[in-house]
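# Inside the fold
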Amino acid sequence: MTFTKKLILGIGLGLGVLSFAQEMNPVLTGAPFLRISPDARAGGMGDQGVVTTSDAFSQFWNAAKYPFSRTSSAIAVNYTPYLGKLTNDVFLLYAAFHKFLGYEERSTISASIYYFNMGEVLMNDFNATTGQITDRGTATPNEFSIDVAYGLKLSDTYSMAVTGRFIRSDFGTFGSDNTLKPANSFAVDVSGYFMSPRHTSLGDYEGRARAGFSVQNLGPRLDYTGDEESRSYLPTMARLGVGYDLFIDDLNRVGANFEASKILVPGPDSNTGIIPNVGVMEGIGKSFSNPQSIMMSGSVEYEYDNSFAVRAGYFHESEIQGARQFATVGIGLKYQAFGLDLSYLVNMSKVNTALDNTLRFGLTWNIGEETQNAMDY
């Protein structure tokens with residue numbers, strides 16, 4: 001395994017688990033922070049968001065949800081402490097903004113910035129012969145992305161969106177004898193969202209069906225060293241979800257959601273451990289030979305008068321691919337134009353997760369007016 005791949009494993013996907021209970025064969029990518037949910041609402045619903053109802057954090061999951069937003073413009077900010085069991089200087093910051101274009105309320109423009117601070121890493125060289133330790137200072141690895149999306153309602157029930165994203169991954173300088181450098185790339189997301197009109201459902205209640213999909217982070221590989229053989233794939237993901245809302249009355253709504261996701265990156269060979277050095281599109285094709293890379297999640301959300309919500313969810317990943325298996329709970333509160341989301345993760349796997357027992361915070365500010373979509377909520 002090359003130095004770059006080892007580094008990505010140790011600092012990137014290695015951050016996803018705190019200890020290994022068994023042998024694993026995870027799919028390694030560059031910029032692994034793009035796989036970490038920066039959304040406290042989704043954090044309470046099994047880390048899913050491609051099919052849930054539109055909110056200010058839709059940019060990360062599915063920008064096609066914005067044309068169904070109940071507010072014409074909103075700002076969202078999220079803070080997530082990371083690796084809280086080991087350190088207090090690793091965290092994620094995320095901010096998003098969206099706005100409707102024109103008076104017909106059929107198209108939106110949105111943007112977000114995502115920053116992952118990995119704290120300070122002390123660097124030392126050890127001389128096995130003399131036993132001397134030399135201080136090489138500190139490294140300050142960090143990663144961030146900036147993206148812009150355009151969403152459009154193609155009909156009253158279906159919308160699509162395209163997102164362009166700039167990505168920078170900087171692992172700092174580790175030692176004096178390597179050529180590691182910051183890596184830059186760009187990526188594209190394509191997503192869609194369907195929400196049916198209200199219709200007669202169970203008994204005298206009304207219901208509403210939802211569906212969504214997204215293909216995320218489709219773009220060139222990251223180059224950390226200038227070596228063609230060491231380029232790292234972006235964490236290209238495919239997500240597909242279905243959901244259903246049941247309206248108990250005009251104030252009470254219960255929603256259920258199911259989502260399946262898959263990383264579209266070829267995994268290492270089970271015998272050699274070597275990741276195929278192929279093009280992005282060919283790599284997507286090869287990723288389908290790894291059925292273990294499919295992840296699933298389910299959630300339930302109860303909402304009262306769009307001002308109070310209780311959420312619960314469950315996420316499952318193959319034990320071979322990373323063994324992330326956890327339950328989540330969360331609440332949402334809204335007062336006038338401001339909203340607060342809190343979520344908490346409970347690990348259900350033998351492998352500790354980086355977000356175990358972590359409380360995530362999300363703030364929203366609805367700076368626009370209610371749209372005609374508010375009549376459907």
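Residues numbered from 1 in each chain as written. Predicted model: local features only at pLDDT ≥ 70, side-chain atom pairs only at ≥ 80, totals over all residues. Heavy atoms only, no water.

### Let's talk about the overall build of the chain
The secondary structure content of the chain amounts to 4 helices and 17 strands. Across the 377 residues of the chain, 53% fall into the buried class. Carbon and sulfur atoms make up 60% of the accessible area of the chain, which amounts to about 16700 Å² in all. (Helix = DSSP H or I, 4+ residues; strand = E, 2+ residues; numbered from the N terminus. Buried < 20%, exposed > 50% of the residue type's maximum accessible area, 1.4 Å probe, protein only. Areas by Shrake-Rupley, 256 points an atom, 1.4 Å probe, with all protein chains shown as cover.)

### Regarding the packing of aromatic side chains
Counted by the stated rule, this structure contains 14 aromatic pairs. Relative to Phe91, the ring of Tyr79 has its centre 5.9 Å away and its plane inclined at 35°; by these criteria the two rings are tilted. Within this pair, whereas Tyr79 is found in strand E1 (residues 73-81), its partner Phe91 is found in strand E2 (residues 91-101), the two being separated by 12 residues in sequence. Judged by relative accessible area, Tyr79 falls into the partly exposed class, the value being 34%. Three or more aromatic residues link up through ring pairs in this structure, and these residues are Phe33, Phe57, Phe60, Trp61, Tyr82, Tyr94, Tyr114 and Phe116. In this structure, Arg198 packs its charged tip against the face of Phe247, placed 3.7 Å from the ring centre. (Phe/Tyr/Trp six-rings, centres within 6.5 Å; stacked < 30°, edge-to-face > 60°. Lys NZ or Arg CZ within 6 Å of the ring centre and 35° of its normal.)

### A word on the pairing of strand E6 (residues 142-153)
Two strands pair when backbone bridges link them, and strand E3 (residues 107-117) and E6 are joined in this way by 11 bridges, in the antiparallel orientation. From the neighbouring strand, Ile113 faces E6, where its bridge partner is Ile146. Pairing between E6 and strand E7 (residues 158-170): 12 bridges, direction antiparallel. Residue Asn142 lies in a different strand from E7, and its bridge partner there is Asp170. Connecting E6 to the antiparallel partner E7 that follows it, the hairpin turn spans 4 residues. (Pairing = 2+ DSSP bridges.)

### Some words on the pairing of E1
Note: E1 against E2, 9 bridges, orientation antiparallel. Bridging across to E2, Ser73 finds its partner in Lys99. In the sheet, E1 pairs with strand E17 (residues 359-366) via 6 bridges, with the strands oriented antiparallel. Bridging across to E17, Val77 finds its partner in Leu363.

### Remarks on the nonpolar core
Residues Phe33, Ile36, Tyr82, Tyr114, Phe116 and Ile167 are the most contacted members of the largest nonpolar core, which totals 50 residues. Only helix H3 (58-61), E1, E2, E3, E7 and strand E8 (183-195) provide two or more residues apiece to this core. Of all the elements, E8 adds the most residues to this core, at 4 residues. For Ile167, the residues in contact, after removing those within four places along its chain, are Ala31, Phe33, Leu34, Phe144, Ser145, Ala183, Asn184, Ser185, Ala187 and Leu234. (Core = buried A, V, L, I, M, F, W, Y, C linked by side-chain atoms within 4.5 Å. Contact = heavy atoms within 4.5 Å.)

### Points about the side chain of His98
You can see His98 is positioned in strand E2. You can call His98 buried: its relative accessible area is 1%. A polar atom in the side chain of His98 sits 3.4 Å from the backbone oxygen of Thr71. Ignoring sequence-local partners within four residues, the contact set of His98 consists of Tyr66, Ser69, Thr71, Ser72, Ser73, Ala74, Ile109 and Ser110. (Polar contact = N/O pair within 3.5 Å; in protein donor to acceptor, adjacent residues only side chain to side chain.)

### Remarks on empty space enclosed by the protein
Gaps left between atoms show up when a probe the size of a water molecule is rolled over them. Scanning all chains against the criterion turns up 7 cavities of 30 Å³ or more. In this structure, the second largest cavity encloses a volume near 410 Å³. What lines the second largest cavity is a set of 26 residues, among which Asp55, Glu303, Asn306, Lys334 and Thr364 lie closest to the centre. Those elements that provide at least two residues to the lining of the second largest cavity are strand E13 (294-304), strand E14 (308-316), strand E15 (325-335), strand E16 (338-347) and E17. Broken down by class, the residue content of the lining of the second largest cavity amounts to 7 nonpolar, 11 polar and 8 charged. (1 Å grid on protein atoms, 1.4 Å probe; cavity = no way out; pocket = protein on both sides within 12 Å on 5 of 7 lines; lining within 4 Å. Points joined across faces, edges and corners; volume = space filled by probe spheres on them. Nonpolar A, V, L, I, M, F, W, Y, C, P; charged D, E, K, R; others polar.)

### Topic: helix H4 (residues 280-287)
By the burial criterion, the buried members of H4 are Gly283, Ile284 and Ser287. Considered in projection along H4, the buried side chains sweep an arc of 105° and stay on one side of the axis. For H4, the elements touching its buried residues are strand E10 (206-218) and strand E12 (252-263). (Arc of directions from axis to C-beta.)

### Brief notes about unusual backbone geometry
One non-glycine residue, Asn217, adopts positive backbone phi at about 60°. Structurally, the position occupied by Asn217 is in strand E10. The phi angle at Gln336 is positive, at roughly 55°, despite the residue not being glycine. Mapped onto the fold, Gln336 is located in the loop between E15 and E16. Overall, Gln336 belongs to the exposed group, its relative accessible area being 61%.

### Side note on the pattern of salt bridges
In this structure the tally under the stated criterion is 19 salt bridges. In this structure, Asp55 and Arg41 form a salt bridge, with 2.8 Å as the shortest nitrogen-oxygen distance. A residue pair is termed long-range when its members are at least 10 positions apart, and Asp55 in the loop between helix H2 (40-43) and H3 and Arg41 in helix H2 qualify at 14 residues. Relative accessible area serves as the criterion here: at 17%, Asp55 is assigned to the buried category. Notably, a salt bridge pairs Arg165 with Asp147, separated by 2.9 Å at the nearest N-O pair. With a gap of 18 residues between them, Arg165 in strand E7 and Asp147 in strand E6 connect regions that are remote in the sequence. (Salt bridge = Lys/Arg side-chain N within 4 Å of Asp/Glu carboxyl O.)

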